[in-house]
Amino acid sequence: MITRKIEKGVGLVEVLVALVILALGVLGFSALQLRALDAAQEATAQTVAMNTARDLVERIRVNRTALARYQTTINAQNIDENKLVCNGATRRDATPATMKIDLPKCNPSAMAEHDATEILRKASDHGQVIVMANCVASSMNCVYVAWAPTTITATNVSQCVNTTTGTYIVDAKCLVMEAF
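Residues numbered from 1 in each chain as written. Predicted model: local features only at pLDDT ≥ 70, side-chain atom pairs only at ≥ 80, totals over all residues. Heavy atoms only, no water.

## Structural notes on the overall build of the protein
And step 1. The secondary structure content of the protein amounts to three helices and five strands.
And step 2. Reading the protein from its N end, one meets helices and strands in the order α-α-β-β-α-β-β-β.
And step 3. Taken over 180 residues, the protein has a buried fraction of 28%.
And step 4. Looking at the protein alone, contacts between residues at least 24 apart form 58% of all its contacts between residues at least 6 apart.
And step 5. Of the roughly 12100 Å² that the protein leaves accessible, carbon and sulfur atoms contribute 58%. (Helix = DSSP H or I, 4+ residues; strand = E, 2+ residues; numbered from the N terminus. Buried < 20%, exposed > 50% of the residue type's maximum accessible area, 1.4 Å probe, protein only. Contact = heavy atoms within 4.5 Å. Areas by Shrake-Rupley, 256 points an atom, 1.4 Å probe, with all protein chains shown as cover.)

Here's what the structure looks like:
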């Protein structure tokens, strides 16, 4: 008579194979999580850069007569706290007598220096550099914002965009916004 031996339980090799498969799955998931974190950090940097550039452009739009002063102050990259002199307003009577007008306590040029200093400080606080330069192949002014490892200056934005075509450089950490 032939007797059959019936196996009960799980063999050691089967358990090891299952653990290897599980480990590979966990490693794949971990790599995916790291890529997601990198993408989230890049999206945050882009959002901050976009908001900083938009803030500057909106301030220029309000004070258009001082465009040259904005460009000079931004490109100097000098955060001078003494230029923050436009705080407060002067209240003046208007017609009808029930109306009041608040005028800033500075002229357009001083307001431009004040605004540019605030923008430079905001960009610096986020590890970014902001410059204003002519757009490539255009007569408009562009606002360029870059963050590590991309570096730009007012006279050299070649790490951000191709200076012939105006297209972004691959893997450049920067943003370009046309302004005026």
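Continuing now.
## What about a nonpolar patch on the surface?
And step 1. Together, Leu 12, Val 15, Leu 16, Leu 19, Leu 22 and Val 26 make up a nonpolar patch on the protein surface, roughly 580 Å² of accessible area in all.
And step 2. Residue position: Leu 16 is located in helix H1 (residues 12-62).
And step 3. Accessibility expressed as a relative area gives 48% for Leu 16, which makes it partly exposed. (Patch = residues over 30% accessible without salt bridge, like charges linked within 9 Å, V, L, I, M, F, W, Y side chains within 5 Å. Salt bridge = Lys/Arg side-chain N within 4 Å of Asp/Glu carboxyl O.)

## Focus on the pairing of strand E4 (residues 141-147)
And step 1. The buried fraction of E4 amounts to seven of the seven residues, a majority that puts the element mostly inside the structure.
And step 2. Here strand E3 (residues 128-134) runs beside E4; their pairing, made up of seven bridges, is antiparallel. Bridging across to E4, Ile 130 finds its partner in Val 145.
And step 3. Joining the antiparallel neighbours E3 and E4 is a turn of six residues, in which Ala 137 adopts a positive phi near 60°.
And step 4. Bridge analysis of E4 against strand E5 (residues 174-178) gives five bridges, and the strand direction is antiparallel. Residue pairing for E5: Ala 146 is matched across the bridge by Cys 174. (Pairing = 2+ DSSP bridges.)

## Some words on the pattern of salt bridges
And step 1. Here the structure, examined in full by the defined rule, presents six salt bridges.
And step 2. Residue Arg 59 is joined to Asp 115 by a salt bridge in which the shortest nitrogen-to-oxygen separation is 3.2 Å. On the criterion of sequence distance, the pair formed by Arg 59 in helix H1 and Asp 115 in helix H3 (residues 108-125) is long-range, its members being 56 residues apart.
And step 3. The partner of Glu 113 in a salt bridge is Arg 69, and the shortest N-O contact between them spans 3.3 Å. Separated by 44 residues along the polypeptide, Glu 113 in helix H3 and Arg 69 in helix H2 (residues 67-76) bring together distant segments of the chain.

## Comments concerning the sheet that holds E3
And step 1. Read from one edge to the other, the open sheet built from three strands follows the order E3-E4-E5, with strand pairing classed as antiparallel. Bordering the open sheet on either side are E3 and E5, each of which pairs with just one other strand. Between one strand axis and the next, the sheet turns through 20° on average, direction left out of account.
And step 2. Its contacts with the sheet place H2 against E3 and E4, and it is angled at close to 140° to E3. (Axes fitted to C-alpha atoms, helices over the stretch in contact; angles between N-to-C directions.)

## Description of the side chain of Thr 73
And step 1. Position of Thr 73 relative to the elements: it lies in helix H2.
And step 2. Given the relative accessible area of 4%, Thr 73 is considered buried.
And step 3. Discounting residues that sit within four places of it in the chain, Thr 73 has contacts with Lys 83, Glu 113, Ala 116, Thr 117 and Leu 120.

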